[in-house]
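# Understanding the architecture of this molecule
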Amino acid sequence: MERWAIVVAGGSGQRMGSELPKQFLTLGGKPILVHTLELFLQCLSSPEKIRLVIPPSHFPTWNSLAPDHLKQIPLIPGGSTRYESVKNGLNSIPASGVVAIHDGVRPMASENLIMLAYSQAENKGSAIPLVPLNDSLRWSNNNHWEAFDRNLIRAVQTPQVFSTSLLMEAYQKTAYSEHITDDTMVFEKAGFIPHFIPGERENIKITTPIDLVTAEAILQENKRS
């Protein structure tokens, strides 16, 4: 099967406290987004199999930062929502094989996780990584915070990998809602049953300054390993 990747990077630097969008901030001597794209380039071996979806206003910044080996990755204009951005990315690839949807600010996913997700999606139609939570949980019941069993909850990560044709069908069937926060929800709302796989704790999403510090520590530990 053909394997595709759509990397969505439409974030700002607001929660990071930076004027520069967070995907362009430096991690281990190069932009976060470069780490992420290099990871998929290693897995897919071809820049033509990757789509980078970013706001058109970020095109000049990316073109000034991108190393030569990543400049062949097609740039797709992002929409006003993540839903629209993914849909734009899907419209730029054939309805064949499987496609990974990944956050541009998750540079610490391993090649093993990505390859597992691709192979599982080829067999099951989808593969969504989940990780257990460490914190105790409470939920609001009529303004009273009640304890909730954390063993019943998982955090959802990317890459989320799907049969390309099924995900395209899901986006055609499912209208945008602000309550849709990832592609698995679109997939489910269209009537498809997602297949889940174990995620990785190191596969963090860099959103705040402490996330960047954590990612630096993980990067250094991976180098030592």
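All of the points below concern the structure found in this document. Residue numbering note: each chain is counted from 1, following its sequence as written. Reporting of local features is limited, given that this is a predicted model, to residues whose pLDDT is at least 70; pairs of side-chain atoms are given and counted only at 80 or more, and all residues count toward the totals for whole chains, interfaces and linings. Side-chain metrics rest on all non-hydrogen atoms present in the structure, leaving aside hydrogens and water.

Right, let's get into the pairing of strand β9 (residues 144-148). Here, a strand pair is defined by DSSP locating no fewer than two bridges between the strands. Secondary structure elements follow DSSP: runs of H or I of four or more residues count as helices, runs of E of two or more count as strands, with numbering from the N terminus. Here strand β8 (residues 137-141) runs beside β9; their pairing, made up of five bridges, is antiparallel. When the bridges of β9 are listed, Arg138 appears paired with Ala147. Between β8 and β9, which pair antiparallel and follow one another directly, the connecting turn spans two residues, one of which, Asn142, has a positive phi of 55 degrees.

Taking 1.5 Å of rise per residue, 16 residues should cover 22 Å, and helix α7 (residues 209-224) covers 23 Å from first to last C-alpha, within 8% of that figure. Residue exposure (1.4 Å probe, protein chains only): buried if accessible area is under 20% of the type maximum, exposed if over 50%, otherwise partly exposed. Within α7, the full set of buried residues consists of Asp211, Leu212, Ala215, Ile218 and Leu219. The arc enclosing the buried residues of α7, seen along the axis, measures out at 120 degrees, which places them on a common side. Pointing more than 90 degrees away from the buried face of α7 are the exposed residues Ile210, Val213 and Arg224. Note on contacts: a residue pair is in contact if any heavy atoms of the two residues lie within 4.5 Å. Close packing links the buried residues of α7 with β2 (26-27) and α1 (32-44). To estimate how far a helix should extend, the number of its residues minus one is multiplied by 1.5 Å. The arc in question is formed by the directions pointing from the helix axis toward the C-beta atoms.

Inspection of the secondary structure assignment puts Thr36 in helix α1. Setting aside anything within four residues of it in sequence, one finds Thr36 in contact with Val7, His102, Asp103, Gly104, Arg106 and Pro107.

Okay, the pairing of strand β7 (residues 126-132) next. Burial of β7 is extensive: six of the seven residues sit out of reach of the surface. Here two bridges tie β7 to strand β11 (residues 160-163), and the two strands are oriented antiparallel to one another. Bridge pairing links Ser126 to Phe162 in β11. Of the pairings in the sheet, the one linking β7 to strand β12 (residues 196-198) comprises three bridges and is parallel in character. Residue pairing across strands places Ile128 opposite Phe196, the latter belonging to β12.

Now for the side chain of Ser85. By the secondary structure assignment, Ser85 is in helix α3 (residues 82-90). When its relative accessible area of 7% is taken as the criterion, Ser85 is described as buried. In this structure the side chain of Ser85 is engaged in a polar contact, spanning 2.9 Å, whose partner is the backbone nitrogen of Gly79. The term polar contact refers here to a pair of N or O atoms within 3.5 Å; inside protein, the definition further demands a hydrogen-donor-capable atom paired with an acceptor-capable atom, and it admits residues adjacent in sequence only when both atoms are side-chain atoms.

Turning our attention to the environment of Pro77. Looking at the secondary structure, you find Pro77 in strand β5 (residues 75-77). Using a relative accessible area of 38% as the deciding quantity, one classes Pro77 as partly exposed. As a C-alpha pair, Pro77 and Ala121 span 44 residues in sequence and 26 Å in three-dimensional space.

An ideal rise of 1.5 Å per residue puts 20 Å on 14 residues; helix α4 (residues 111-124) measures up with 20 Å between its terminal C-alpha atoms. Within α4, burial applies to Leu113, Ile114, Ala117, Tyr118 and Ala121. Projected down its long axis, α4 shows its buried positions confined to an angular sector of 135 degrees, all on one face. Turned more than 90 degrees from where α4 packs its buried face, Asn112 and Asn123 sit exposed. Contact partners of the buried residues in α4: β1 (3-8), α1, β6 (98-103), β7, β11 and β12. One or two positions beyond α4, positive phi appears at Gly125, with a value near 95 degrees.

Time to look at the packing of α3 against helix α5 (residues 164-173). Running from N to C, α3 and α5 point in directions that differ by 135 degrees, and their axes come no closer than 11 Å. Accordingly, the angle class assigned to the pair α3 and α5 is oblique. For the element pair α3 and α5, the recorded crossing hand is left-handed. On α5, the residues touching Tyr83, Val86, Lys87 and Leu90 of α3 are Leu167, Met168 and Tyr171. Among the residues making up the contact of α3 with α5, the classes are represented as six nonpolar, no polar and one charged. For every element, the axis is a line fit to its C-alpha atoms; helices are fit only across the contacting stretch, and the angle between N-to-C directions ranges from 0 to 180 degrees. Geometric relationships in this document are graded by angle, where less than 35 degrees denotes roughly parallel, more than 145 denotes roughly antiparallel, 65 to 115 denotes roughly perpendicular, and other angles denote oblique. Definitions for this section: a left-handed crossing has its near helix turned counterclockwise from the far helix by less than a right angle. A right-handed crossing has that turn clockwise. Lys, Arg, Asp and Glu make up the charged group, whereas Ala, Val, Leu, Ile, Met, Phe, Trp, Tyr, Cys and Pro make up the nonpolar group; the residues left over, Gly among them, are polar.

The bulk of non-glycine residues show a negative phi, and the bulk of peptide bonds are trans. Residue Pro159 is bonded to the preceding Thr158 through a cis peptide linkage, with omega at 10 degrees. Here Pro159 lies in the loop between β10 (154-156) and β11. Of note in this structure, Asn142 is not a glycine but carries a positive phi near 55 degrees. Its location among the elements puts Asn142 in the loop between β8 and β9. A positive phi angle is found at Asn143, which is not glycine, with a value near 65 degrees. Counting through the fold element by element, Asn143 comes out in the loop between β8 and β9. Its relative accessible area of 74% is what places Asn143 among the exposed residues.

Purely spatial values, then, with no claim about function.
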